[in-house]
Amino acid sequence: MKILITGASRGIGKSLAEYYKTKGYEVWGIARDEEKLKNVCDKYFICDLSNLEAVREISKKLSGEKFNIIIFNAGISTPHSSDFPPLEAFEKVFNVNLLSIHALLEFMDFKDSRLVFISSLASLFGAPTSLGYSASKRALNSYAESLYYAGIDVVLILPGFIKTDMTKNHTFYMPFLMDLNKATKRMVKIIEKGKFFNPFPLRFYYIIKFFILLPESLKRKILKKYAKSDILE
Ligand SMILES: NC(=O)c1ccc[n+]([C@@H]2O[C@H](COP(=O)([O-])OP(=O)(O)OC[C@H]3O[C@@H](n4cnc5c(N)ncnc54)[C@H](OP(=O)(O)O)[C@@H]3O)[C@@H](O)[C@H]2O)c1
(Lines give C-alpha, C1' and ligand atoms only; values in the text may rest on other atoms or scores of the structure.)
Protein backbone atom coordinates (compact mmCIF):
# COMPACT_ATOMS: atom_id res chain seq x y z
CA MET A 1 0.00 0.00 0.00
CA LYS A 2 1.34 3.41 -0.97
CA ILE A 3 0.30 6.90 0.10
CA LEU A 4 1.37 10.39 -1.00
CA ILE A 5 0.83 13.30 1.40
CA THR A 6 1.55 16.96 0.67
CA GLY A 7 2.66 18.98 3.69
CA ALA A 8 3.85 15.82 5.47
CA SER A 9 6.55 17.65 7.43
CA ARG A 10 4.38 19.24 10.13
CA GLY A 11 0.92 19.41 11.67
CA ILE A 12 -1.93 17.37 10.22
CA GLY A 13 0.13 16.01 7.30
CA LYS A 14 2.88 14.73 9.58
CA SER A 15 0.39 13.20 11.96
CA LEU A 16 -1.38 11.38 9.10
CA ALA A 17 1.98 10.27 7.67
CA GLU A 18 2.99 8.77 11.02
CA TYR A 19 -0.34 6.96 11.30
CA TYR A 20 -0.14 5.41 7.83
CA LYS A 21 3.45 4.37 8.45
CA THR A 22 2.39 2.38 11.51
CA LYS A 23 -0.20 0.68 9.29
CA GLY A 24 2.53 -0.53 6.93
CA TYR A 25 2.04 1.99 4.13
CA GLU A 26 4.97 3.22 2.07
CA VAL A 27 4.71 6.94 2.77
CA TRP A 28 5.74 9.53 0.21
CA GLY A 29 5.74 13.20 1.18
CA ILE A 30 6.11 16.67 -0.30
CA ALA A 31 7.06 19.85 1.62
CA ARG A 32 9.93 22.35 1.93
CA ASP A 33 11.61 21.15 5.14
CA GLU A 34 13.88 18.21 4.27
CA GLU A 35 14.96 17.46 7.86
CA LYS A 36 11.38 17.07 9.00
CA LEU A 37 10.27 15.09 5.93
CA LYS A 38 13.19 12.69 6.35
CA ASN A 39 11.92 11.65 9.77
CA VAL A 40 8.47 10.60 8.62
CA CYS A 41 8.57 9.67 4.96
CA ASP A 42 10.05 6.70 3.09
CA LYS A 43 10.42 8.88 0.00
CA TYR A 44 9.98 12.59 -0.39
CA PHE A 45 10.29 15.61 -2.66
CA ILE A 46 11.49 18.98 -1.42
CA CYS A 47 9.32 21.56 -3.09
CA ASP A 48 7.78 24.95 -2.55
CA LEU A 49 4.23 24.30 -3.73
CA SER A 50 3.76 27.95 -4.64
CA ASN A 51 6.24 27.32 -7.48
CA LEU A 52 3.90 25.65 -9.95
CA GLU A 53 6.59 24.80 -12.51
CA ALA A 54 8.53 22.92 -9.81
CA VAL A 55 5.35 21.06 -8.88
CA ARG A 56 4.81 20.06 -12.53
CA GLU A 57 8.33 18.60 -12.59
CA ILE A 58 7.42 16.43 -9.61
CA SER A 59 4.22 15.42 -11.35
CA LYS A 60 6.28 14.20 -14.32
CA LYS A 61 8.55 12.20 -11.98
CA LEU A 62 5.47 10.62 -10.39
CA SER A 63 3.88 9.69 -13.72
CA GLY A 64 4.78 5.99 -13.41
CA GLU A 65 3.79 5.68 -9.75
CA LYS A 66 0.48 4.37 -8.40
CA PHE A 67 -0.78 5.48 -4.99
CA ASN A 68 -3.69 3.96 -3.10
CA ILE A 69 -4.30 7.29 -1.39
CA ILE A 70 -3.17 10.84 -2.22
CA ILE A 71 -3.80 13.42 0.51
CA PHE A 72 -3.72 17.06 -0.58
CA ASN A 73 -3.08 18.52 2.83
CA ALA A 74 -0.49 21.31 2.43
CA GLY A 75 -2.05 24.68 2.98
CA ILE A 76 -1.33 28.19 4.17
CA SER A 77 -3.36 31.01 5.58
CA THR A 78 -2.21 34.60 5.59
CA PRO A 79 -2.42 36.19 9.05
CA HIS A 80 -5.97 37.24 9.89
CA SER A 81 -6.11 40.91 9.07
CA SER A 82 -8.56 43.64 8.30
CA ASP A 83 -6.30 44.82 5.45
CA PHE A 84 -6.95 44.13 1.80
CA PRO A 85 -4.14 41.64 1.01
CA PRO A 86 -1.54 42.48 -1.67
CA LEU A 87 -1.82 40.43 -4.87
CA GLU A 88 1.42 38.52 -4.16
CA ALA A 89 0.10 37.17 -0.84
CA PHE A 90 -3.26 36.33 -2.39
CA GLU A 91 -1.59 34.56 -5.31
CA LYS A 92 0.65 32.51 -3.01
CA VAL A 93 -2.33 31.27 -1.01
CA PHE A 94 -4.11 30.22 -4.20
CA ASN A 95 -0.99 28.54 -5.59
CA VAL A 96 -0.38 26.44 -2.48
CA ASN A 97 -4.00 25.75 -1.50
CA LEU A 98 -5.42 25.10 -4.96
CA LEU A 99 -3.32 25.41 -8.14
CA SER A 100 -0.48 23.19 -6.92
CA ILE A 101 -3.02 20.36 -6.65
CA HIS A 102 -3.83 20.54 -10.33
CA ALA A 103 -0.15 20.93 -11.22
CA LEU A 104 0.68 17.81 -9.22
CA LEU A 105 -2.10 15.72 -10.73
CA GLU A 106 -1.34 16.80 -14.29
CA PHE A 107 0.99 13.93 -15.26
CA MET A 108 -0.02 11.45 -12.56
CA ASP A 109 -2.16 8.38 -13.06
CA PHE A 110 -4.69 8.94 -10.26
CA LYS A 111 -7.76 7.22 -11.71
CA ASP A 112 -7.51 4.32 -9.22
CA SER A 113 -6.37 6.42 -6.25
CA ARG A 114 -8.49 7.80 -3.44
CA LEU A 115 -7.97 11.58 -3.59
CA VAL A 116 -8.33 13.30 -0.22
CA PHE A 117 -8.65 17.08 -0.06
CA ILE A 118 -8.20 18.94 3.23
CA SER A 119 -10.42 21.97 2.97
CA SER A 120 -11.83 23.87 5.97
CA LEU A 121 -15.08 24.91 7.61
CA ALA A 122 -13.84 28.43 6.73
CA SER A 123 -14.68 27.59 3.11
CA LEU A 124 -18.38 27.63 3.86
CA PHE A 125 -18.62 31.40 4.13
CA GLY A 126 -16.44 34.34 3.09
CA ALA A 127 -14.60 35.25 6.29
CA PRO A 128 -13.82 38.99 5.96
CA THR A 129 -10.43 38.75 7.67
CA SER A 130 -9.09 35.89 5.55
CA LEU A 131 -9.97 36.72 1.95
CA GLY A 132 -7.45 34.44 0.26
CA TYR A 133 -7.89 31.49 2.61
CA SER A 134 -11.69 31.34 2.49
CA ALA A 135 -11.78 31.90 -1.27
CA SER A 136 -9.09 29.32 -2.05
CA LYS A 137 -10.69 26.67 0.17
CA ARG A 138 -14.10 27.35 -1.34
CA ALA A 139 -12.62 26.92 -4.81
CA LEU A 140 -11.02 23.71 -3.57
CA ASN A 141 -14.47 22.38 -2.55
CA SER A 142 -15.71 23.05 -6.05
CA TYR A 143 -12.64 21.42 -7.62
CA ALA A 144 -13.10 18.30 -5.46
CA GLU A 145 -16.81 18.18 -6.30
CA SER A 146 -16.11 18.33 -10.03
CA LEU A 147 -13.69 15.41 -9.80
CA TYR A 148 -16.19 13.49 -7.67
CA TYR A 149 -18.96 13.88 -10.25
CA ALA A 150 -16.46 12.91 -12.94
CA GLY A 151 -16.31 9.50 -11.23
CA ILE A 152 -13.05 9.89 -9.29
CA ASP A 153 -12.85 8.47 -5.74
CA VAL A 154 -12.81 11.75 -3.79
CA VAL A 155 -12.96 12.48 -0.06
CA LEU A 156 -13.39 16.13 0.91
CA ILE A 157 -12.64 16.95 4.56
CA LEU A 158 -13.64 20.27 6.14
CA PRO A 159 -12.12 20.49 9.62
CA GLY A 160 -12.72 23.19 12.20
CA PHE A 161 -9.86 24.58 14.31
CA ILE A 162 -7.04 22.12 15.13
CA LYS A 163 -3.99 22.79 17.33
CA THR A 164 -1.07 23.09 14.88
CA ASP A 165 1.45 25.73 13.78
CA MET A 166 -1.31 27.23 11.65
CA THR A 167 -3.45 28.14 14.64
CA LYS A 168 -0.83 28.67 17.35
CA ASN A 169 -0.57 32.42 16.78
CA HIS A 170 -4.29 33.10 16.44
CA THR A 171 -5.27 35.60 19.09
CA PHE A 172 -9.02 35.29 18.56
CA TYR A 173 -11.30 32.75 20.21
CA MET A 174 -11.37 29.44 18.33
CA PRO A 175 -14.57 27.53 19.09
CA PHE A 176 -14.34 23.74 19.38
CA LEU A 177 -10.51 23.84 19.03
CA MET A 178 -9.36 20.23 18.59
CA ASP A 179 -6.32 18.33 19.71
CA LEU A 180 -4.20 17.11 16.75
CA ASN A 181 -4.31 13.41 17.72
CA LYS A 182 -8.06 13.41 18.06
CA ALA A 183 -8.49 15.23 14.75
CA THR A 184 -6.10 12.78 13.03
CA LYS A 185 -8.10 9.79 14.27
CA ARG A 186 -11.26 11.40 12.95
CA MET A 187 -9.69 12.05 9.55
CA VAL A 188 -8.34 8.51 9.27
CA LYS A 189 -11.86 7.11 9.84
CA ILE A 190 -13.28 9.53 7.28
CA ILE A 191 -10.66 8.52 4.70
CA GLU A 192 -11.35 4.84 5.37
CA LYS A 193 -15.12 5.26 4.91
CA GLY A 194 -14.67 7.12 1.63
CA LYS A 195 -17.77 9.33 1.81
CA PHE A 196 -17.49 12.53 -0.28
CA PHE A 197 -18.45 15.41 2.06
CA ASN A 198 -17.04 15.41 5.61
CA PRO A 199 -17.28 18.51 7.81
CA PHE A 200 -16.26 18.21 11.49
CA PRO A 201 -16.77 18.83 14.35
CA LEU A 202 -20.45 18.51 13.47
CA ARG A 203 -21.68 20.91 16.18
CA PHE A 204 -19.51 23.69 14.73
CA TYR A 205 -20.63 22.78 11.20
CA TYR A 206 -24.32 23.07 12.14
CA ILE A 207 -23.73 26.45 13.82
CA ILE A 208 -22.08 27.70 10.60
CA LYS A 209 -24.92 26.24 8.51
CA PHE A 210 -27.44 28.06 10.68
CA PHE A 211 -25.44 31.28 10.25
CA ILE A 212 -25.41 30.80 6.46
CA LEU A 213 -29.20 30.53 6.43
CA LEU A 214 -29.66 33.91 8.20
CA PRO A 215 -30.76 36.92 6.13
CA GLU A 216 -27.78 38.63 4.45
CA SER A 217 -28.23 41.91 6.36
CA LEU A 218 -28.17 40.12 9.72
CA LYS A 219 -25.09 38.10 8.72
CA ARG A 220 -23.28 41.31 7.77
CA LYS A 221 -24.21 42.91 11.08
CA ILE A 222 -22.84 39.95 13.02
CA LEU A 223 -19.62 39.82 10.99
CA LYS A 224 -19.14 43.56 11.34
CA LYS A 225 -19.41 43.26 15.09
CA TYR A 226 -17.06 40.30 15.52
CA ALA A 227 -14.69 40.31 12.54
CA LYS A 228 -13.67 43.97 12.79
CA SER A 229 -12.64 44.28 9.15
CA ASP A 230 -12.09 47.61 7.39
CA ILE A 231 -13.22 45.93 4.18
CA LEU A 232 -16.72 45.85 5.64
CA GLU A 233 -16.79 49.62 6.26
N1 LIG B 1 -5.06 23.72 11.77
C2 LIG B 1 -6.31 24.03 11.54
O3 LIG B 1 -7.04 24.56 12.39
C4 LIG B 1 -6.93 23.72 10.20
C5 LIG B 1 -8.32 23.81 10.08
C6 LIG B 1 -8.92 23.54 8.86
C7 LIG B 1 -8.15 23.16 7.78
N8 LIG B 1 -6.80 23.07 7.91
C9 LIG B 1 -6.04 22.70 6.74
O10 LIG B 1 -5.24 21.57 7.01
C11 LIG B 1 -4.06 21.59 6.22
C12 LIG B 1 -2.83 21.39 7.10
O13 LIG B 1 -2.81 22.44 8.04
P14 LIG B 1 -1.93 22.39 9.37
O15 LIG B 1 -2.76 22.98 10.43
O16 LIG B 1 -1.33 21.04 9.56
O17 LIG B 1 -0.82 23.47 8.98
P18 LIG B 1 0.73 23.56 9.39
O19 LIG B 1 0.96 22.94 10.71
O20 LIG B 1 1.08 24.99 9.18
O21 LIG B 1 1.44 22.65 8.28
C22 LIG B 1 1.37 23.01 6.94
C23 LIG B 1 2.06 21.98 6.09
O24 LIG B 1 2.01 22.44 4.74
C25 LIG B 1 3.34 22.55 4.23
N26 LIG B 1 3.48 23.76 3.41
C27 LIG B 1 3.11 25.02 3.73
N28 LIG B 1 3.48 25.88 2.75
C29 LIG B 1 4.10 25.12 1.81
C30 LIG B 1 4.72 25.43 0.57
N31 LIG B 1 4.78 26.67 0.10
N32 LIG B 1 5.27 24.42 -0.13
C33 LIG B 1 5.24 23.15 0.35
N34 LIG B 1 4.66 22.79 1.50
C35 LIG B 1 4.10 23.78 2.22
C36 LIG B 1 4.24 22.67 5.45
O37 LIG B 1 5.53 22.13 5.17
P38 LIG B 1 6.90 22.99 5.05
O39 LIG B 1 6.79 24.17 5.94
O40 LIG B 1 7.95 22.00 5.43
O41 LIG B 1 6.98 23.35 3.60
C42 LIG B 1 3.51 21.80 6.46
O43 LIG B 1 3.89 20.46 6.30
C44 LIG B 1 -4.08 22.93 5.48
O45 LIG B 1 -4.56 22.76 4.18
C46 LIG B 1 -5.05 23.75 6.29
O47 LIG B 1 -5.66 24.76 5.53
C48 LIG B 1 -6.17 23.35 9.09
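Residues numbered from 1 in each chain as written. Predicted model: local features only at pLDDT ≥ 70, side-chain atom pairs only at ≥ 80, totals over all residues. Heavy atoms only, no water.

All right, on to the side chain of S9 then. Take S9: it is sitting in the loop between β1 (2-6) and α1 (11-22). For S9, a relative accessible area of 8% puts it in the buried group. Ignoring anything within four residues of it in the chain, the contact list for S9 reads K14, A31, D33, K36 and L37. (Helix = DSSP H or I, 4+ residues; strand = E, 2+ residues; numbered from the N terminus. Buried < 20%, exposed > 50% of the residue type's maximum accessible area, 1.4 Å probe, protein only. Contact = heavy atoms within 4.5 Å.)

Okay, the environment of N181 next. Here N181 lies in helix α7 (residues 180-193). Accessibility expressed as a relative area gives 51% for N181, which makes it exposed. Measuring from C-alpha to C-alpha, the distance between N181 and I162 comes to 9.5 Å, with 19 residues separating the pair along the chain.

The gaps of empty space that remain are located by a probe, the size of a water molecule, rolled over the atoms. All told, the structure shown has one cavity of 30 Å³ or more when counted by the stated rule. If you add up the space inside the largest cavity, you get close to 40 Å³. Contributing to the lining of the largest cavity are T6, L49, F72, A74, V96, S100 and I101. The biggest single contributor to the lining of the largest cavity is helix α4 (residues 87-105), with three residues. A class-by-class count of the residues in the lining of the largest cavity yields five nonpolar, two polar and no charged. (1 Å grid on protein atoms, 1.4 Å probe; cavity = no way out; pocket = protein on both sides within 12 Å on 5 of 7 lines; lining within 4 Å. Points joined across faces, edges and corners; volume = space filled by probe spheres on them. Nonpolar A, V, L, I, M, F, W, Y, C, P; charged D, E, K, R; others polar.)

In this model α1 runs 17 Å from its N-terminal to its C-terminal C-alpha over twelve residues, within 8% of the 16 Å that 1.5 Å per residue would give. Among all positions in α1, only I12, G13, S15, L16, A17 and Y20 are buried. Next to the buried residues of α1 lie β1, β2 (26-31), α2 (34-40), β4 (69-72) and α7. Positive phi appears at G24, one or two residues downstream of α1, with a value of about 90°. (Expected span 1.5 Å × (residues − 1).)

Looking now at the nonpolar core. In this structure, L4, L62, L104, L115 and F117 are the most contacted members of the largest nonpolar core, which totals 38 residues. The set of elements that each furnish at least two residues to this core consists of β2, α3 (52-61), β4, α4, β5 (114-118), α5 (131-149), β6 (153-159) and α8 (202-213). For this core, the element with the highest residue contribution is α4, accounting for seven residues. With residues up to four places along the chain from it excluded, the contact list for L115 reads I70, F72, L105, F110, L147, I152, D153, V154 and V155. Judged by nonpolar contacts, the second largest core, of 27 residues, contains V40, V155, M187 and I191. (Core = buried A, V, L, I, M, F, W, Y, C linked by side-chain atoms within 4.5 Å.)

Near the ligand lie 30 residues; those nearest to it are R10, R32, N73, Y133 and T164. Interatomic distance of 3.0 Å between a backbone N/O atom of D33 and an oxygen atom of the ligand. Within the backbone of N73, an N or O atom sits 2.7 Å from an oxygen atom of the ligand. Starting from 880 Å² of accessible surface for the ligand in isolation, the protein chains cover 97%. Within the residue set of the shell around the ligand, elements represented by two or more residues are α1, α5 and α6 (165-168). No other element matches the three residues that α6 contributes to the shell around the ligand. Class assignment for the residues of the shell around the ligand results in 14 nonpolar, ten polar and six charged. (Near = heavy atom within 4 Å. Polar contact = N/O pair within 3.5 Å; in protein donor to acceptor, adjacent residues only side chain to side chain. Areas by Shrake-Rupley, 256 points an atom, 1.4 Å probe, with all protein chains shown as cover.)

Here the focus is the side chain of N198. Relative to the helices and strands, N198 resides in strand β7 (residues 197-200). Here K195 takes part through its backbone oxygen, which lies 2.9 Å from a polar atom of the side chain of N198. Not counting residues up to four positions away in its chain, the partners in contact with N198 are V155, L156, I157, L158 and I190.

Attention shifts here to the pairing of β2. Most of β2 is tucked away: five of the six residues are buried. Looking at chain direction, β1 and β2 are connected through five bridges and run parallel. For L4, the partnering residue across the bridge sits in β2 and is W28. With α1 bridging β1 and the parallel β2, this β-α-β connection has right-handed handedness. Where β2 and strand β3 (residues 43-46) come together, four bridges link them in parallel fashion. (Pairing = 2+ DSSP bridges. Right-handed = clockwise from strand over helix to strand, strands pointing away.)

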